[in-house]
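# Tertiary structure, described
Spelled out from the first residue to the last, the chains are:
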Amino acid sequence: MSRLLDSPIEFLKGVGPQRGVLLRKELNVNTFGDLLQYYPFRYVDRSVIQRIRDINPPTQFIQLKGKVSGMRVIGEKQAKRLVATFRDDSGEIELVWFKSIDWAMKMLNTQAVYLLFGKPVAFNGTYNIVHPEMELFGEQVDAQTAKGLQPVYSTTEKAKKRNIDSRAIARLTQTLFESLKEYELPDFLPQALKQQYKLCSRYEALMNIHYPKNEKQLHEATRRLKFEELFLIQLQMLKLKANRGQSSKGYLFEKIDRQFDTFYKERMPFELTGAQKRVLREIRKDTLTGRQMNRLLQGDVGSGKTMVALLTMLMAKDNGFQACLMAPTEILAQQHYESIIQLLKGLKVEVAFLTGSVKGKARKYILHQLAEGNIDFVVGTHALIEDTVVFKNLGQVVIDEQHRFGVAQRAKLWTKNELPPHILVMTATPIPRTLAMTVYGDLDVSVIDELPPGRKPIKTVHRTDADRMRVFGFMRDEIAKGRQVYVVFPLIEESEVLDLKDLMDGYEALSRAFPKPQFQISIVHGRSRAADKDFEMQRFVKGETQIMIATTVIEVGVNVPNASVMVIENAERFGLAQLHQLRGRVGRGAEQSFCILMTGNKLSNDSKQRIGVMCNTNDGFVIAEEDLKLRGPGDLEGTQQSGTVNLRLADLVQDVAVLEAARQSAAVLVEQDPYLEKSEHRSLLQFMQASAKEKIWSRIS
Ligand code: ADP
Ligand code: MG
């Protein structure tokens, strides 16, 4: 691989130590190679300058030429802003800055002529442009960029203040290209693939994504780079999967007897659904191959994944192995632990609980017993993957997650043994197929597509503050029937204090509307002490309180079948996946359940759509697809935390076709040349070896 691309960014002409620090810290550009892949986020056709009079909705980014006058700072605190007038010979438009006001005032010169880029938005019957990009007219003519579309790079306020604006970055990429020879950007995509999909070369693509001469070039460059990006991910995933299939030996769970049988025949409180049975058969088959199972279990909220997990763990126990169940939160782990103990009462299975909150002697004891093999099942959180947790013979791992574990974290569990344990990952929220292919591309997939019998679909409605009295009345009616009610408030970390206030105000209002002793209310939030949380939860679970006021701590897992109403306050502040999860807390019993989404009167289009989706469907898979469409994958819960999909260019909504093609091609390649030994795959092999963290491409493992 090219050494040049690995060079620290400071060494690029025009950077130096100080700007180097900024590039690293602000833009995460550490090497020449990073800069090369710091793609523009849009382009401006510099040959077109619009006139203010001709601005017409719906208007995209435009370029204007003119002078600034009448700068004034108005408003206070959050509403404080700098407003200026921008004028050309056809008319004028307002410019607005909310941030970096001092800096903007200093920079703007009323004598100068500016070229301005920005997106006009309608406001009070006219237009204004918020945070325009401005530069002195005449300065913008860079030799290379002036010819075609000009790249616009994203940058931060801090970087901008130190003169690393979009144009500065453009100059740096130019400098880089001047010193790059074509051979330093070898094309590792196999020729055959390039021909099949008519892809341009890597050098061409990288050059043209920064400096396209026209739309067509840009399109071709983007197409090639998206394909490459998705192809490399798929190749890696499928290779991992293939390797495991071949060489990764796993434990054999030959027996199904004692504990499993006793439990299945005598203890199980219900008959399994057809889907649960099918999934169990799939798992059973995996654990009989002598290879490691790596399976993703998808199932909507309330579809009964926990029972499948428990039965799987019992299979391990019957074959002399330990099993662990890992949950994303302390509360959920606690619930799993309690329900498992309850279910297994009287059976000879030792179950332990281990999270960060288990400390001191108790912790030491559990660690010891785990290592000795005296504990069969351990239920816990992330704490289970810490190095201090050693098993005697871990045979089965169940991860009940909300996309919070990445490939790397899962891998960490495999090293806890001589042979890797079987892995079952359960997702609480269904994920769209494209995302599953990318995040979980190395796993086999099982789906529970059936809810336990007798469930009535939850009725979901949208209400605003004006309806509050009616909502309270409805709650009273349900409580009179003996049901319980959740009232959930959002909690967003940045404004935790404000949120807490919302919650406490809500609590007061509810306390007045639902007075003691007739009504009892539980309250749980992020600031509650663990013991209090527990106490309040238990009161609600036991039916001692009728209303549970909570922040999203109850989001995952809590199981109170008698609760039939879920009221979500400020519903517009929740994402779709989260709303669906919350709604899944009700509708667990035989009663008709309700979800009431409370919002203010004014809603953005986006929020309106989300609320609409929730009112129209209960199907988690439909909701997941809508979520992906509305938010875009970059924002999808968990994808960023998990660090497994870090796509620079490709978009899992728009580029489904490219993804399919990339996956298909990668599958063929792994099948036909699993070690990339053919000469036409040599540079691909080199590239994969250089970028892979594990040695997945060598024959000797
Ligand atoms: P999730 O898939 O969301 O984790 P759970 O495992 O918590 O769902 O199950 C939801 C509820 O459905 C629990 O109360 C559980 O006991 C119950 N349940 C699970 N499977 C069945 C079944 N086959 N028949 C009846 N109830 C079931
Ligand atoms: Mg669950």
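Each value, and the rule that gives it
- Within any chain, residue numbers begin from 1 and follow the written order of that chain's sequence.
- Lettering for chains starts from A, numbering for ligands starts from 1, and both go in the order in which the items are written.
- Given that the model is predicted, a residue must reach a pLDDT of at least 70 before its local features are reported, and side-chain atom pairs must reach 80 or more before they are shown or counted; all residues, however, enter totals for whole chains, interfaces and linings.
- Excluded from the side-chain calculations are hydrogens and water; all other atoms, namely the structure's heavy atoms, are used.
- Only DSSP runs of H or I covering at least 4 residues are called helices, and only runs of E covering at least 2 are called strands; the numbering of each starts at the N terminus.
- In this scheme, a residue with accessible area under 20% of its type's maximum is buried, one over 50% is exposed, and one in between is partly exposed, where area comes from a 1.4 Å probe on protein chains only.
- Between two residues, a contact is recorded if the distance between any of their heavy atoms is within 4.5 Å.
- Areas reported as accessible are Shrake-Rupley estimates using a 1.4 Å probe. Residue values count occlusion only from the protein chains shown.
- The rule for a salt bridge is simple: a side-chain nitrogen of Lys or Arg has to be within 4 Å of a carboxyl oxygen of Asp or Glu.
- Here a strand pair is declared whenever DSSP counts at least two bridges between the two strands.
- Each axis is a line fitted through C-alpha atoms, and for a helix only the stretch in contact is used; angles between axes span 0 to 180 degrees, taken between their N-to-C directions.
- Helix span, as expected, comes to 1.5 Å for every residue beyond the first.
- Residues are labelled near a given molecule or strand when at least one of their non-hydrogen atoms is within 4 Å of it.
- Throughout this description, a polar contact denotes any pair of N or O atoms lying within 3.5 Å of each other; where both atoms belong to protein, one of them has to be capable of donating a hydrogen while the other can accept it, and for residues adjacent in sequence the pair is counted only when both atoms sit in side chains.
- By the counting scheme adopted, Arg and Lys are positive, Glu and Asp are negative, and His together with the chain ends is not counted.
- Ring geometry is summarised as follows: Phe, Tyr and Trp rings, the Trp one being its six-membered ring, pair when their centres sit within 6.5 Å, and such pairs are stacked at plane angles under 30 degrees, edge-to-face over 60 and tilted between the two.
- In this scheme, Lys NZ or Arg CZ marks a charge over a ring once it lies within 6 Å of the ring centre and within 35 degrees of the ring normal.
- Oblique is the label for every angle not falling under 35 degrees (roughly parallel), over 145 degrees (roughly antiparallel), or within 65 to 115 degrees (roughly perpendicular).
- Left-handed is the label given to a crossing in which the near helix is rotated counterclockwise from the far helix by less than a right angle, and right-handed is the label when the rotation is clockwise.
- Polar here means any residue outside two lists: the nonpolar Ala, Val, Leu, Ile, Met, Phe, Trp, Tyr, Cys and Pro, and the charged Asp, Glu, Lys and Arg; Gly therefore counts as polar.
- Here is how to tell: hold the view so the strands point away, follow the path from the first strand over the helix to the second, and if it runs clockwise the crossover is right-handed.

With that out of the way, let us pick up the overall build of the protein chain. When helices and strands are counted, the protein chain shows 24 helices and 22 strands. For the protein chain, the proportion of its 701 residues judged to be buried stands at 53%. For the protein chain, the share of sequence-separated contacts (at least 6 apart) that also reach a separation of at least 24 residues comes to 73%. Put simply, the protein chain shows about 33,100 Å² of open surface, and 51% of that area lies on carbon and sulfur atoms.

The next subject is the pattern of salt bridges. The final tally for this structure, using the stated rule, is 30 salt bridges. A salt bridge links Arg 42 to Glu 133; its shortest N-O distance comes to 3.3 Å. Placement of the pair is Arg 42 in strand 1 (residues 42-45) and Glu 133 in strand 8 (residues 133-136), with a sequence separation of 91 residues. According to the relative accessible area criterion, Glu 133 is partly exposed, its value standing at 27%. Across the salt bridge formed by Lys 317 and Asp 376, the nearest N and O atoms sit 3.2 Å from each other. On the criterion of sequence distance, the pair formed by Lys 317 in helix 11 (residues 305-318) and Asp 376 in the loop between helix 13 (360-372) and strand 13 (377-380) is long-range, its members being 59 residues apart. For Lys 317, a relative accessible area of 18% translates into the label buried. One connected set of salt bridges, linked through shared partners, spans Asp 187, Lys 194, Arg 202, Arg 224 and Glu 228.

Across the junction of Lys 516 and Pro 517, the peptide omega takes the value -5 degrees, indicating a cis bond. Within the secondary structure, Pro 517 sits in the loop between helix 17 (496-513) and strand 19 (521-524). Even without being a glycine, His 131 presents a positive backbone phi close to 45 degrees. In this structure, His 131 sits in the loop between strand 7 (126-130) and strand 8. At Asn 163, a residue that is not glycine, the phi angle is positive and equals roughly 70 degrees. You can see Asn 163 is positioned in the loop between helix 4 (157-161) and helix 5 (166-179).

Below, the discussion takes up the sheet that holds strand 18 (residues 484-488). In spatial order, the strands read 17-22-21-18-20-19; together these six strands make up an open sheet with parallel pairing. Because the sheet does not close on itself, it has two edges, and the strands there are strand 17 (459-464) and strand 19. Going across the sheet, the axis of each strand differs from the next one's by a mean of 20 degrees, ignoring polarity. Relative to strand 21 (residues 563-568), strand 18 runs parallel, the two being bridged by five bridges. Residue pairing for strand 21: Val 485 is matched across the bridge by Val 565. Contacts from helix 16 (residues 468-480) reach strand 17, strand 18, strand 20 (547-550), strand 21 and strand 22 (594-599), with the element oriented near 160 degrees to strand 22.

Relative to the 18 Å expected for 13 residues at 1.5 Å per residue, helix 16 spans 18 Å between its end C-alpha atoms, a close match to the ideal helical length. Just downstream of helix 16 lies Gly 482, where phi reads positive at about 95 degrees.

Glu 271, Gln 276, Gly 302, Thr 306 and Arg 455 are the nearest of the 16 residues found near ligand 1. With respect to ligand 1, the backbone of Thr 273 contributes an N or O atom lying 3.5 Å from a nitrogen atom. In the environment of ligand 1, an oxygen atom lies 3.4 Å from a nitrogen or oxygen atom belonging to the backbone of Ser 303. Relative to its free-state accessible area of 560 Å², ligand 1 is covered by the protein chains to the extent of 81%.

Our next topic: the sheet that holds strand 8. Taken together, the seven strands give an open sheet; going across it, the order is 6-7-4-3-2-5-8, and neighbouring strands pair in mixed fashion. The strands lining the two open edges of the sheet, one partner per strand, are strand 6 (120-123) and strand 8. The sheet shows a mean angle of 45 degrees between the axes of neighbouring strands, taken without regard to direction.

Here the focus is the side chain of Arg 583. Tracing the backbone shows Arg 583 in helix 19 (residues 576-583). Here Arg 583 occupies a buried position and makes no salt bridge, while the nearest side chain of opposite charge, Asp 300, is found at 7.4 Å. With residues near it in sequence (within four places) discarded, Arg 583 still touches Ile 458, Thr 460, Met 566, Cys 595, Met 614, Thr 617, Asn 618 and Ile 623.

Further remarks concern the packing of aromatic side chains. If you walk through the whole model with that rule in mind, you get 14 aromatic pairs. Between the aromatic rings of Phe 260 and Tyr 264, the centroid separation amounts to 5.7 Å while the plane-to-plane angle is 10 degrees, which identifies the pairing as stacked. Here the residue Phe 260 and the residue Tyr 264 both occupy positions in helix 9 (residues 258-267), the gap between them amounting to four residues, near one helical turn. Three or more aromatic residues joined by ring pairs make a cluster, and in this case those are Phe 177, Tyr 203 and Tyr 211. Over the ring of Phe 137 we find Lys 65, and its NZ or CZ is 4.3 Å from the ring centre. A cation sits over an aromatic face here: Arg 476 above Phe 514, 5.0 Å from the ring centre.

Let's shift gears to the packing of helix 11 against helix 12 (residues 330-344). Between two packed helices, the angle of one axis relative to the other and the distance separating the axes together describe the packing. Between helix 11 and helix 12, whose axes approach to 12 Å, the crossing angle comes to 60 degrees. The angle between the axes of helix 11 and helix 12 places the two elements in the oblique class. Where helix 11 crosses over helix 12, the two elements pack in a sense that is right-handed. Residues Thr 306, Met 307, Leu 310 and Leu 314 of helix 11 pack against His 336, Ile 340, Leu 343 and Leu 344 of helix 12. In the contact of helix 11 with helix 12, the residues fall into six nonpolar, two polar and no charged.

Bringing the pairing of strand 21 into the picture now. Among the six residues that make up strand 21, six are buried, leaving the element largely enclosed by the rest of the structure. Where strand 21 lies against strand 22, four bridges are found, and the strand directions are parallel. Opposite Met 566, over in strand 22, you have Cys 595 as the bridge partner. Taken together, strand 21, helix 19 and strand 22 constitute a β-α-β crossover, and its handedness is right-handed.

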